[in-house]
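Reading the structure
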Amino acid sequence: MKILFIGDIIGSPGRSAVSLHLPGLKKKEKIDFVLANGENAAGGLGLTPKVAEQLFSYGIDALTSGNHIWDKKDILETLAKDNRILRPANYPPGVIGFGSTVISTQGKKLGVINLSGRVFMRELDCPFRAALREIEDLKERVEVVVVDMHAEATSEKIAMGWYLDGKVSAVIGTHTHVQTADERILPEGTAYITDVGMVGSLDSVIGVKKDVILERFLTQLPVHLDIAKKNVVLHAVLVEIDEDTAKAVSIKRIKIKADESS
Ligand SMILES: [Fe+2]
Ligand SMILES: [Fe+2]
């Protein structure tokens, strides 16, 4: 089974890059499932039902998210009913939305879990215990499970990789928007990367116009977060999984220069 996981898609430049490159990539690599983090897909902050539908129409099967999923209020109703869009599973009980899901295509099934870290982030419930709870729930229905560990601290993400090694097929980090070069298969067969990266401008500070962010650092005043458009890159990882054992066979980083102008 081949799974493509695309990093945080940043606003319309990110969405354009996905629409431009995903169909070709799917065909070339014979991909079974496409997952992407969609927390920044609408104007850089949050997700709307319309933008989610647009991303599904490009060939994405399920969207994970993180801290920014709550930024656009009109997504709340959709989060309550559409289990192709996840929010981290370790929000407190009663919070709207799904923390895990099962998607299927052509007779294949895939479980997906979304988690959020707590280091330099909101104090949510324990992501490690939430992960075990969700795995238990999914394992009755699927063999292959992929986790999006949406977190800031590399240590917390690496710890989650070790904790889930052999329990899931892949632990993929998101949130920093910077692709790390530490992809590997852990000893018990779990594919791991600390951060998959983003689909956004490299002439930016993690997707936002650099001048705006520099102004904020220099003045400490609030600024309007404008999305950068030039020099867009599509970051993803391609994970191959042995369906009989649910162990990962390979994990490959993908970095495509995705500017429409290039
Ligand atoms: Fe993000
Ligand atoms: Fe985030």
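Data block above holds the structure.
Criteria and thresholds
- Residues numbered from 1 in each chain as written.
- Chains lettered and ligands numbered in written order.
- Predicted model: local features only at pLDDT ≥ 70, side-chain atom pairs only at ≥ 80, totals over all residues.
- Heavy atoms only, no water.
- Helix = DSSP H or I, 4+ residues; strand = E, 2+ residues; numbered from the N terminus.
- Rg over C-alpha atoms; globule rule 2.2 N^0.38 Å.
- Buried < 20%, exposed > 50% of the residue type's maximum accessible area, 1.4 Å probe, protein only.
- Contact = heavy atoms within 4.5 Å.
- Donors = N, O, S within 2.8 Å, 3.2 Å for Na, K, Ca; no water.
- Tetrahedral: all angles 85-135°; square planar, octahedral: opposite > 155°, others 65-115°.
- Salt bridge = Lys/Arg side-chain N within 4 Å of Asp/Glu carboxyl O.
- Phe/Tyr/Trp six-rings, centres within 6.5 Å; stacked < 30°, edge-to-face > 60°.
- Lys NZ or Arg CZ within 6 Å of the ring centre and 35° of its normal.
- Pairing = 2+ DSSP bridges.
- Patch = residues over 30% accessible without salt bridge, like charges linked within 9 Å, V, L, I, M, F, W, Y side chains within 5 Å.
- Areas by Shrake-Rupley, 256 points an atom, 1.4 Å probe, with all protein chains shown as cover.

So, about the overall build of the chain. If you tally the helices and strands in the chain, you get six helices and 15 strands. Since a compact globule built from 262 residues should have a radius of gyration of about 18 Å, the 17 Å found for the chain is in line with a globular shape. Dimensions of the chain, computed from C-alpha atoms along their principal axes, come out at roughly 50 × 40 × 35 Å. Counting over 262 residues, the chain shows a buried share of 55%. Contacts in the chain between residues at least 24 apart in sequence constitute 65% of all its contacts with a sequence separation of at least 6.

Before going further, it helps to examine the coordination of the iron ion (ligand 1). Distances from the iron ion (ligand 1) to its protein donors, Asp8 (OD), Glu39 (OE), Asn40 (OD1) and His177 (NE2), fall within 2.0 to 2.2 Å. In this structure, the iron ion (ligand 1) is surrounded by four donor atoms whose angles at the metal cover 92 to 163°, and the resulting shape is irregular. Between the two metal centres, the iron ion (ligand 1) and the iron ion (ligand 2), the spacing is 3.5 Å, with Glu39 acting as a shared donor.

A word on the pattern of salt bridges. Taken as a whole and judged by the stated rule, the model has ten salt bridges. Between Glu29 and Lys252 there is a salt bridge; the shortest N-O distance is 3.2 Å. With a gap of 223 residues between them, Glu29 in helix H1 (residues 11–29) and Lys252 in strand E15 (residues 247–257) connect regions that are remote in the sequence. One salt bridge in this structure joins Arg84 and Asp82, with 2.9 Å as the shortest N-O distance. You can call Arg84 partly exposed: its relative accessible area is 28%. Residues participating in the shared-partner salt-bridge network are Lys2, Glu29 and Lys252.

Under the criterion given, the structure shown has two aromatic pairs. Between Trp70 and Tyr91 the ring centres are 5.2 Å apart and the planes differ by 75°, which places this aromatic pair in the edge-to-face class. In this pair, Trp70 is assigned in the loop between strand E4 (62–64) and helix H3 (76–81) and Tyr91 in the loop between H3 and strand E5 (100–105), connecting sequence segments 21 residues apart. Residue classification places Tyr91 among the buried residues on the basis of a relative accessible area of 12%. For the ring pair Phe128 and Tyr163, a centre distance of 5.4 Å and an interplane angle of 80° mean the geometry is edge-to-face. Taken together, the residues span a long stretch of sequence, with Phe128 in helix H4 (residues 127–139) and Tyr163 in helix H5 (residues 154–164) at a distance of 35 residues. Of note, Arg84 hangs over the ring of Phe56, and the distance from its end group to the ring centre comes to 3.9 Å.

What follows concerns the coordination of the iron ion (ligand 2). Surrounding the iron ion (ligand 2) are the protein donor atoms Glu39 (OE), Asn67 (OD1), His150 (NE2) and His175 (ND1), at 2.1 to 2.2 Å. Geometry at the iron ion (ligand 2) is irregular, judged from its four donor atoms and the angles of 88 to 143° they form at the metal. Within one chain, the residues donating to the iron ion (ligand 2) are spaced in sequence as E-x27-N-x82-H-x24-H.

Take the pairing of E15 next. With ten bridges connecting them, strand E14 (residues 232–242) and E15 associate as antiparallel partners. Across the sheet, the residue bridging to Val233 is Lys257, located in E15. The hairpin turn running from E14 into E15, its antiparallel successor, is four residues long, and Ala246 in that turn takes a positive phi close to 65°.

Turning to a nonpolar patch on the surface, a few remarks are in order. Taken together, the side chains of Val178, Val205 and Ile206 define a hydrophobic patch exposed on the protein surface, amounting to about 220 Å² of accessible area. In this structure, Val178 sits in the loop between strand E8 (170–174) and strand E9 (184–185). A residue is classified by how much of its surface remains accessible, and Val178, at 47% relative accessible area, is partly exposed.

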